[in-house]
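# Overview (structure and organization)
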Amino acid sequence: MPRSLLSATPLLFVLLWSTGFIGSKLGAPYAPPMMFLTLRFLIVLPLIAMIALAMKGRWPKSKAMIFHCIVIGALIHGVYLGCVFWAIDNGMPAGMSAVVVGLQPVISALFAALLLRESIGMRHVSGLLLGLVGVFLVLAPGADFSQPGVQVATIAAVALAVTAISFGTVYQKRFVHETDLLPATTWQYVGAVLVTLPLTFLETRSVEWSGEFIFALGWLVLVLSIGAILLLMFLIRKGAVSEVASLFYLVPVATSIESYFLFGETLVLSQISGMILVALAVVLIRRKARV
C-alpha cells in the first residue's frame, strides 16, 4: 500500500465509523434491533464472500483458525453491536451509550498489556487518560442520567458491548494473523449472525420497509460493515492494539461535528475543548518514540 494511503487509513476509518450513528438513527424506528442487525449481516456475508473469492484470498485452512475468526465476529459484531442497539432501543440515550463506549481505548490497552504483553509507558497512560477526559467533555452535554432508559440492564448491556469489542480487538491481534483479511472477515460475519439471529425470535416488532430504512440498511452494509470493518481489521494487524484503540476517542468528536452540520445540534465551549484534548491524546499515543 502506498505510504500516503497508509497514513490516511486511520482518519478514513474514524470518518466511516463515526457515520454509523446516522444509519442506526434512521433505521431504528422501522425494525427491532436484532432483526436490523441480522438483515445487515446476512446481506454483508455473501457480498464480502464474493469479494474474497474474486480477490483469490487465502482462506483459513484449519478448524482452529476458522473458530478464532468466528469468535472475533461474535464479539466485535454480534455482542458489541447487539448490546448497543438493544440498550438504545430500550431507552438509553445515544449520548449515554457513547460515554460508556468511550472507555474502549482504556480497556483495550489493559487487555493488550495483560494478554499480548504490550508495553504501556507513561506516554500511553497519559494519552489514554487525556483522551478519556476529552471524550467526557465532548459527550457530557448529551448525557442525562435521569432519563428512564438509563437502568441497570441498559448500562450492563453497554458495558458488555465495550468489553466485547475491546477483548475482540486483542483476540484478533493474538490469534488471526495468517489469514487474508477478506476471508477472515467473511467468517467473522458468520459469528455475528450466530449471535443475533437466534435473538430475533424474542422480538415482536416487524420490519417496515420504508425508503429511510432501506437507505440506512444500505449505508450500514456498505460503509460500516464492509468499509470501516475492513479498515479496522487492517489497522489491528498493522499496529499495536493500544494505538489502534486510541482512534475510537476520535469517533465521538467526528460524530458531534457531523451532528452539528447534519442535524443542527449545537457545539458548546466544553465540547470544543474536549475535541482539542482528544486530538492531543491520539497524537500522543500514536507518536513514535524517538530512538
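To be clear, the structure that these remarks concern was listed above.
Report on the accompanying structure. Note that the structure is a prediction, hence the values are computed from the model and not measured.

This next bit is on the overall build of the protein. Looking only at helices and strands, the protein has 13 helices and zero strands in total. Along the chain direction, N to C, the helices and strands of the protein fall in the order α-α-α-α-α-α-α-α-α-α-α-α-α. Considering only contacts within the protein whose residues lie at least 6 apart along the sequence, 90% involve residues at least 24 apart. Carbon and sulfur atoms form 72% of the exposed surface of the protein, whose accessible area is close to 13800 Å².

Between its first and last C-alpha atoms helix H4 (residues 63-89) spans 36 Å; for 27 residues at 1.5 Å apiece the expected length is 39 Å, and the two agree. The largest bend along H4 reaches roughly 35° and is located at alanine 74. Burial of H4 is extensive: 19 of the 27 residues sit out of reach of the surface. Backbone geometry just downstream of H4 places glycine 91 in the positive-phi region, at approximately 105°.

A complete count under the given rule lists ten aromatic pairs for this structure. Between phenylalanine 111 and phenylalanine 167, the ring centres sit 5.5 Å apart and the planes meet at 75°, which makes this aromatic pair edge-to-face. In this pair, phenylalanine 111 is assigned in helix H6 (residues 104-115) and phenylalanine 167 in helix H8 (residues 152-175), connecting sequence segments 56 residues apart. Take phenylalanine 111: its relative accessible area is 22%, and that puts it in the partly exposed class. The exposure class assigned to phenylalanine 167 is partly exposed, which follows from its relative accessible area of 30%. Aromatic side chains phenylalanine 167 and tyrosine 171 sit 6.0 Å apart centroid to centroid with 55° between the ring planes, which places their arrangement in the tilted category.

This brings us to the pattern of salt bridges. What the rule picks out here adds up to one salt bridge. A salt bridge links aspartate 180 to arginine 58; the nearest nitrogen and oxygen atoms lie 3.3 Å apart. On the criterion of sequence distance, the pair formed by aspartate 180 in the loop between H8 and helix H9 (181-199) and arginine 58 in the loop between helix H3 (33-54) and H4 is long-range, its members being 122 residues apart.

Position of phenylalanine 13 relative to the elements: it lies in helix H1 (residues 3-18). Relative accessible area serves as the criterion here: at 0%, phenylalanine 13 is assigned to the buried category. In this structure, the C-alpha to C-alpha distance between phenylalanine 13 and alanine 228, residues 215 residues apart in sequence, is 5.6 Å. If we skip the residues at most four places from it in the chain, phenylalanine 13 touches Ala228, Leu231, Leu232, Leu235, Leu247 and Phe248.

Turning our attention to helix H10 (residues 211-238). When the terminal C-alpha atoms of H10 are compared, their 39 Å separation across 28 residues agrees well with the 40 Å that a helix rising 1.5 Å per residue should span. Along H10, the helix axis deviates most sharply at leucine 220, where the bend reaches about 30°.

Here lysine 56, not a glycine, exhibits a phi torsion of approximately 55°, which is positive. Relative to the helices and strands, lysine 56 resides in the loop between H3 and H4.

Positionally, valine 195 belongs in helix H9. Note: C-alpha distance between valine 195 and methionine 34 (161 residues apart in sequence) is 9.2 Å. Ignoring any residue separated from it by four or fewer positions in sequence, one finds valine 195 in contact with Ala74, Gly78 and Val79.

In this section: the packing of H8 against H10. Orientation of H8 relative to H10, taken along the N-to-C sense of each, is 60°, at an axis distance of 9 Å. Looking at the two axes, H8 sits oblique to H10. Our pair here, H8 against H10, has a crossing hand that is right-handed. Contact residues: Thr169, Gln172 and Lys173 in H8; Met233, Ile236, Arg237 and Lys238 in H10. Looking at the contact of H8 with H10, its residues break down into two nonpolar, two polar and three charged.

Phe13, Trp17, Phe36 and Leu232 are the most contacted members of the largest nonpolar core, which has 63 residues in total. The set of elements that each furnish at least two residues to this core consists of H1, H3, H4, H8, H9, H10, helix H12 (250-263) and helix H13 (269-286). Not counting residues up to four positions away in its chain, the partners in contact with phenylalanine 36 are Gly23, Ser24, Gly27, Ala28, Ala31, Phe85, Phe213, Ala216, Leu217 and Leu220.

Rules of the game
- Residues numbered from 1 in each chain as written.
- Predicted model: local features only at pLDDT ≥ 70, side-chain atom pairs only at ≥ 80, totals over all residues.
- Heavy atoms only, no water.
- Helix = DSSP H or I, 4+ residues; strand = E, 2+ residues; numbered from the N terminus.
- Contact = heavy atoms within 4.5 Å.
- Areas by Shrake-Rupley, 256 points an atom, 1.4 Å probe, with all protein chains shown as cover.
- Expected span 1.5 Å × (residues − 1).
- Bend = angle between axes of the 7 residues up to and from the residue.
- Buried < 20%, exposed > 50% of the residue type's maximum accessible area, 1.4 Å probe, protein only.
- Phe/Tyr/Trp six-rings, centres within 6.5 Å; stacked < 30°, edge-to-face > 60°.
- Salt bridge = Lys/Arg side-chain N within 4 Å of Asp/Glu carboxyl O.
- Axes fitted to C-alpha atoms, helices over the stretch in contact; angles between N-to-C directions.
- Parallel < 35°, antiparallel > 145°, perpendicular 65-115°, else oblique.
- Left-handed = near helix turned anticlockwise from the far one by under 90°.
- Nonpolar A, V, L, I, M, F, W, Y, C, P; charged D, E, K, R; others polar.
- Core = buried A, V, L, I, M, F, W, Y, C linked by side-chain atoms within 4.5 Å.

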